[in-house]
Amino acid sequence: MADEPVVEATGLEKSYGRVRVLAGVDLEVARGSVFALLGPNGAGKTTTVRILSTLVRPDAGRARVAGFDTVRDRREVRRRISLTGQYAALDEQQTGEENLRMMGRLCGLTRRRARERAGELLERFDLTGAAGRRAGAYSGGMRRRLDVAAGLVVSPEVVFLDEPTTGFDPRSRQAMWELVAGLAAAGTTVFLTTQYLEEADRLAGRIALLDAGRVVAEGTAADLKRRVAGRRLDLTLTDAAAYGRTADLLGGRAVHREPDRLLLGVPTDGSAARVRALLDEIDPDRDAVARFTVHEATLDDVFLALTGRAATPAAPAHKEPARV
């Protein structure tokens, strides 16, 4: 059982009216790992999570979580998972401690055990000092930590985190990353959806890139970067005219573009011979390139190369909070 994937999806399809959201999604997630589903807005990430967490039925295909079918065995799946969406599903009029104790009672814990478990989680999530404050007065980062804590009252096998750091400041995002790493270290499987490339790179053992309802690439961060290029040659052009000419010359080979900085990025193997050949091709008269640097390819390069657009997270549309 330990070697079997804890999350499996085969051929998942889902449409809303004439809009096809998922067009045949296949996924496998190893037990005790952090798996990131990466993609732009509208790629189908949240719909995938809602199917895996039994909130939505697929039109076609099947999914299993913790060994149970998400349609036929919904009750069994729900007993083994936790789902935290983009918006905290909390009672804002209750204190942080009251929210956790209430969740414990709803999950079948005795009053004493619910109180003990609330104290354990408040300490684990660095919320002890705010235990007696109303949840409605919490900051965004504190609310999200409390929401995740509430989902761990009964130690689920799989935690689904749907874009958990959307709208976070850098300090709160770092705190959430440490929290996710701690969950995985304790043996919990974390299924993470995100638009933040650094988040996926930092946390996930494996990453799947979803675009237009299909998985277009999957592997470790290093695997995906090698798929695009081992290195990237960044060129800073001398002026806007040189930038325009060079961008036209490179066409689709330019995997990174920053017109305001007059910067273009081109895949390369990093060898001196290849870099020299690219410079000779791009700037034979030695008057277009002001300077250049060579660095490791990033997930941003992967994202742009495989989806045709940069990863620029936008403010999400309102979504109904959900927890199983």
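Not measured: the values here are computed from a predicted model. (Residues numbered from 1 in each chain as written. Predicted model: local features only at pLDDT ≥ 70, side-chain atom pairs only at ≥ 80, totals over all residues. Heavy atoms only, no water.)

Moving on to the overall build of the protein. When helices and strands are counted, the protein shows 11 helices and 14 strands. Its C-alpha atoms give the protein principal-axis dimensions of roughly 80 × 45 × 40 Å. Looking at the protein as a whole, 49% of its 324 residues are labelled buried. Within the protein, residue pairs in contact and separated by at least 24 positions form 69% of the contacts whose partners lie at least 6 positions apart. When the accessible surface of the protein is summed, it comes to about 15,400 Å², and 48% of that surface belongs to carbon and sulfur atoms. Charge separation in the protein, taken as the distance between the mean sites of 49 positive and 45 negative side-chain charges, equals 6 Å. (Helix = DSSP H or I, 4+ residues; strand = E, 2+ residues; numbered from the N terminus. Buried < 20%, exposed > 50% of the residue type's maximum accessible area, 1.4 Å probe, protein only. Contact = heavy atoms within 4.5 Å. Areas by Shrake-Rupley, 256 points an atom, 1.4 Å probe, with all protein chains shown as cover. Lys, Arg positive; Asp, Glu negative; His and termini not counted. Charge placed at Lys NZ, Arg CZ, Asp CG, Glu CD.)

So, about the sheet that holds strand β4 (residues 60–65). Spatially, 4 strands are ordered β2-β1-β4-β5 in an open sheet, and the strand pairing comes out antiparallel. The open sheet has two edge strands, β2 (19–29) and β5 (68–69), and neither has a second partner. Looking at chain direction, β4 and β5 are connected through 2 bridges and run antiparallel. Each bridged residue has a counterpart across the sheet, and for Arg64 the counterpart in β5 is Asp69. Relative to strand β1 (residues 7–16), helix α1 (residues 45–52) is tilted by about 120 degrees, and along the sheet it contacts β1, β2 and β4. (Pairing = 2+ DSSP bridges. Axes fitted to C-alpha atoms, helices over the stretch in contact; angles between N-to-C directions.)

So, on to the packing of helix α3 (residues 96–106) against helix α5 (residues 140–150). Relative orientation and spacing of two packed helices are given, respectively, by the angle between their axes and the distance between those axes. Remark: α3 packs on α5, axes separated minimally by 9 Å, with the N-to-C direction vectors making an angle of 20 degrees. On the basis of their axis angle, the class for α3 and α5 is roughly parallel. The two elements α3 and α5 cross, and the hand of that crossing is right-handed. Where α3 abuts α5, its residues Gly96, Leu100 and Met103 lie against Leu146, Ala149 and Ala150. Here the contact of α3 with α5 is composed, by residue class, of 5 nonpolar, 1 polar and no charged. (Parallel < 35°, antiparallel > 145°, perpendicular 65-115°, else oblique. Left-handed = near helix turned anticlockwise from the far one by under 90°. Nonpolar A, V, L, I, M, F, W, Y, C, P; charged D, E, K, R; others polar.)

It is worth spelling out helix α9 (residues 240–250) at this point. Because the α-helix completes a turn every 3.6 residues, residues three or four places apart line up on one side. Here α9 has its buried residues at Ala242, Tyr243, Thr246, Ala247 and Leu250. Burial along α9 is one-sided: seen end-on, the buried residues are contained in an arc of 130 degrees. Looking at α9, the residues exposed on the side facing more than 90 degrees away from the buried face are Ala240, Arg245 and Asp248. Check the buried side of α9 and you find it contacts β11 (231–237), β12 (256–258), β13 (263–268) and α10 (272–282). (Arc of directions from axis to C-beta.)

Relative orientation of the contacting elements α5 and helix α6 (residues 170–185) amounts to 15 degrees, with a least axis distance of 10 Å. As summarised for this structure, α5 and α6 are arranged roughly parallel, according to the angle between their axes. Crossing of α5 against α6: the hand is right-handed. On α6, the residues touching Gly141, Arg144, Arg145 and Val148 of α5 are Ser172, Met176 and Leu179. When grouped by side-chain class, the residues that make up the contact of α5 with α6 number 3 nonpolar, 2 polar and 2 charged.

Taken as a whole and judged by the stated rule, the model has 22 salt bridges. Of the charged contacts in the structure, one is a salt bridge between Glu116 and Arg112, with a shortest N-O distance of 3.3 Å. Of this pair, Glu116 and Arg112 both sit in helix α4 (residues 111–124), separated by 4 residues, roughly a single helical turn. Residue class for Arg112 comes out exposed when judged on its relative accessible area of 59%. Its salt-bridge partner being Glu120, residue Arg113 comes within 3.1 Å of it at the nearest N-O pair. What makes Glu120 partly exposed here is its relative accessible area of 35%. Salt bridges sharing partners connect three or more residues here, namely Arg31, Glu76, Arg79, Arg80 and Glu157. (Salt bridge = Lys/Arg side-chain N within 4 Å of Asp/Glu carboxyl O.)

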